[in-house]
Protein chains: 2
Amino acid sequence: MTELEKGLSKLEMDVMRAFWKLDRATAREAYEALAETPDSKVEYTTVQTIVGRLEAKGAIERVKKVGNAWLYRALVTRKSIVGRLVDDVVALLEGASQPIVSHLVESGRLSREELLELERLIEKSKREGSDDGE
Amino acid sequence: MTELEKGLSKLEMDVMRAFWKLDRATAREAYEALAETPDSKVEYTTVQTIVGRLEAKGAIERVKKVGNAWLYRALVTRKSIVGRLVDDVVALLEGASQPIVSHLVESGRLSREELLELERLIEKSKREGSDDGE
DNA sequence: TTATATCTACCACGTTTGTGGTATTTGACA
DNA sequence: TGTCAAATACCACAAACGTGGTAGATATAA
């Protein structure tokens, strides 16, 4: 588990995405999930290698054998990885996090539903943790 | 410039942070800026190497010689790098970007000012790009 | 003008990552 | 129960990264 501290590489992230999406999957299923996304040119054996490395790092684990293939499931949550990545970006911004949201809003990536949900979150946050600063 | 497409590594990001913060800096100044931040244990020569790689990648460029040292400045903007990183995280979330904001709000990283600014941004966004088909 | 502290230029090298091949095992079916 | 497709185990290797050393150029100070 401590092997994970250093984070996952780009390709490893892509493979994790497959496990998060499929919940449980064999190496081949993960490969197929990757192949579905545009511009994926990794071979099956490459995915196998990555899967092995992910297991070695403790990011996934074997659940059981199905046929002669292993079924894996994610041990690290998408949430935790996303949190770490976002924190890295915040560090890059010297602690400012607002530019991240600006980017999302400005690039139109937040749907109206998400915006409304966000407003609710903001209201809640303003009420709760409002007395920590100046 | 196309060498940049593949992105920068973690350490390279750290060094870029110095150039963004200082606007213009020599390798030594970048090194010192890095050394200020807690848990930085890179040697000066290491930073020099990274600076060289960043220049080779077109992420920074030489401005002029000051003394016998070169002064560099960033060519890539922090904004563009942040945008790319955030987009990567969005991809990891299969297109959902709201969890990113949730993380920021929940971990209390958005100050009240940022929240208010964000509300304004949301209002504006709701008015402008509101008819793109839901 | 010469010494000396720096800087750059270039090199080295172990590790991680990206990429995929080969050999061997094994489950499933004819 | 033998064969055969498919999975795993293991290997290989180049490129990128992290890390830092050394030699030679050079600006500045004495």
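Residues numbered from 1 in each chain as written. Chains lettered and ligands numbered in written order. Predicted model: local features only at pLDDT ≥ 70, side-chain atom pairs only at ≥ 80, totals over all residues. Heavy atoms only, no water.

So, helix α4 (residues 78–92) of chain A
Stated precisely, the cut-off is as follows: Working definition: helices are DSSP H or I runs of at least four residues, strands are E runs of at least two. Numbering for both runs from the N terminus. A helix is expected to span 1.5 Å multiplied by its residue count minus one. Any residue under 20% of the maximum accessible area for its type is buried, any over 50% is exposed, and the rest in between are partly exposed; the area is computed with a 1.4 Å probe on protein chains only. Throughout, a contact is declared for two residues whenever any of their heavy atoms are within 4.5 Å.
Its 15 residues give α4(A) an end-to-end C-alpha distance of 21 Å, which sits within 8% of 21 Å, the value for a rise of 1.5 Å per residue. Where α4(A) is concerned, the buried positions are I81(A), V82(A), G83(A), V86(A), V89(A), V90(A) and L92(A). In this fold, the buried residues of α4(A) make contact with α1 (10–22) and α5 (98–106) of chain A together with α1 (10–22), α4 (78–92) and α5 (98–106) of chain B. Count one or two residues on from α4(A) and you reach E94(A), which has phi positive near 60 degrees.

As for the protein's contact with DNA strand C
What counts here: Only heavy atoms are used to decide nearness, and a residue is near a molecule or strand if one of them lies within 4 Å of it. Two N or O atoms count as a polar contact when they lie within 3.5 Å, although within protein this holds only if one can serve as hydrogen donor and the other as acceptor, and sequence-adjacent residues are included solely when both atoms are side-chain atoms. For this classification, Asp, Glu, Lys and Arg are treated as charged, while Ala, Val, Leu, Ile, Met, Phe, Trp, Tyr, Cys and Pro are nonpolar and the rest, including Gly, are polar.
Contacts to DNA strand C come from 22 residues, most closely from S9(A), T49(A), R28(B), Q48(B) and R62(B). Each atom of DNA strand C within 4 Å of the protein was assigned to sugar, phosphate or base; sugar and phosphate come to 65%. At a separation of 3.1 Å, a phosphate oxygen of DNA strand C approaches a polar side-chain atom of T46(A). Between DNA strand C and Y44(B) there is a distance of 3.4 Å, counted from a phosphate oxygen to a side-chain nitrogen or oxygen. Counting residues per element, the ones that place at least two in the surface near DNA strand C are α1 and α3 (44–57) of chain A together with α3 (44–57) and β3 (69–74) of chain B. Of the residues forming the surface near DNA strand C, the biggest block, six residues, is contributed by α3(A). Within the surface near DNA strand C, the residues separate by chemical class into six nonpolar, eight polar and eight charged.

Some points on α3(B)
Residue and element names in this part refer to chain B. Taking 1.5 Å per residue as the helical rise, α3 with its 14 residues ought to reach 20 Å, and the 20 Å between its terminal C-alpha atoms agrees with that figure. Against α1, α2 (27–36), β2 (60–66) and β3 lie the buried residues of α3. Where α3 ends, the next residue or the one after it, G58, has phi of about 80 degrees, a positive value.

Concerning the relation of the copies chain A and chain B
The condition that has to hold: All copies are superposed by least squares; the fitting set is the C-alpha atoms of residues with a pLDDT of at least 70 in both.
Mapping chain A onto chain B calls for a screw motion: a turn of 180 degrees about the axis and a shift of 0.0 Å along it, with 0.1 Å RMSD after fitting. In symmetry terms, the pair is related by a two-fold rotation axis. No C-alpha of chain A approaches the rotation axis more nearly than that of V101(A), which lies at 3.3 Å. Both copies share a contact surface, since 100% of the interface residues of chain A are interface residues in chain B too.

Here we look at the domain arrangement of chain A
All names here are of chain A. Put simply, the rule is: Residue ranges for the domains trace back to a domain assignment, done automatically or taken from a database. What counts as buried area is the accessible surface, traced by a 1.4 Å probe, that two parts surrender upon association, with contributions from both included. Salt bridges are identified by distance alone: a Lys or Arg side-chain nitrogen within 4 Å of an Asp or Glu carboxyl oxygen.
One can read the domain layout of chain A as domain 1 (2–74) and domain 2 (78–128). The centre of domain 1, based on its C-alpha atoms, is set 28 Å off from the matching centre of domain 2. Counting residues at the interface gives seven residues for domain 1 and four residues for domain 2. Taken as a group, E5, M13 and W20 account for 73% of the area that domain 1 buries against domain 2, more than any other trio of residues on that side. Run the count over domain 1 and domain 2 and you get zero salt bridges. Summed over the shared surface of domain 1 and domain 2, the result is zero residue pairs in polar contact (both at pLDDT 80 or more). Here the side of domain 1 that touches domain 2 is built from residues that sort into four nonpolar, one polar and two charged.

What to know about the sheet that holds strand β2 (residues 60–66) of chain A
Convention followed: At least two bridges found by DSSP between two strands is the condition for calling them paired.
Strand order in the open sheet made by the three strands is β1-β3-β2 (chain A), with antiparallel pairing throughout. Single-partner strands in this sheet number two, and they are β1 (24–25) and β2 of chain A.

Considering the pairing of β2(A)
Residue and element names in this part refer to chain A. For β2 and strand β3 (residues 69–74), the ladder comprises six bridges, and the chain directions are antiparallel. In the sheet register, I60 faces β3, and the bridge partner there is A74. Connecting β2 to the next strand, β3, in antiparallel fashion are two residues, including G67 with a positive phi near 70 degrees.

Focus on the interface of chain A and chain B
Opposite the 47 residues of chain A that make contact, chain B presents 47 residues. Roughly 4,300 Å² is buried in total at the junction of chain A and chain B, and carbon and sulfur atoms are behind 66% of that figure. Summed over the shared surface of chain A and chain B, the number is eight salt bridges. Here E94(B) makes a salt bridge to K21(A), at a shortest N to O gap of 3.5 Å. Where chain A touches chain B, the interface holds 16 residue pairs in polar contact (both at pLDDT 80 or more). Of all the secondary structure elements, the ones that give two or more residues to the side of chain A that touches chain B are α1, α4, α5 and α6 (112–128) of chain A. Here the side of chain A that touches chain B is composed, by residue class, of 22 nonpolar, seven polar and 18 charged.

Observations concerning the packing of aromatic side chains
Residue and element names in this part refer to chain A. The cut-off we apply is this: Working definition: rings of Phe, Tyr and Trp (its six-membered ring) pair if their centres are within 6.5 Å, and the pair is stacked with planes under 30 degrees apart, edge-to-face with planes over 60 apart, and tilted otherwise.
Per the stated rule, a full pass over the model turns up four aromatic pairs over all chains. Seen in terms of ring centroids, Y31 and Y44 are 5.7 Å apart; in terms of plane orientation they differ by 65 degrees. Their pairing is edge-to-face. Pair noted here: Y31 is in helix α2 (residues 27–36) and Y44 is in helix α3, with a separation of 13 residues, a long-range link. Y44 gets classed as partly exposed once you look at its relative accessible area, which sits at 22%.

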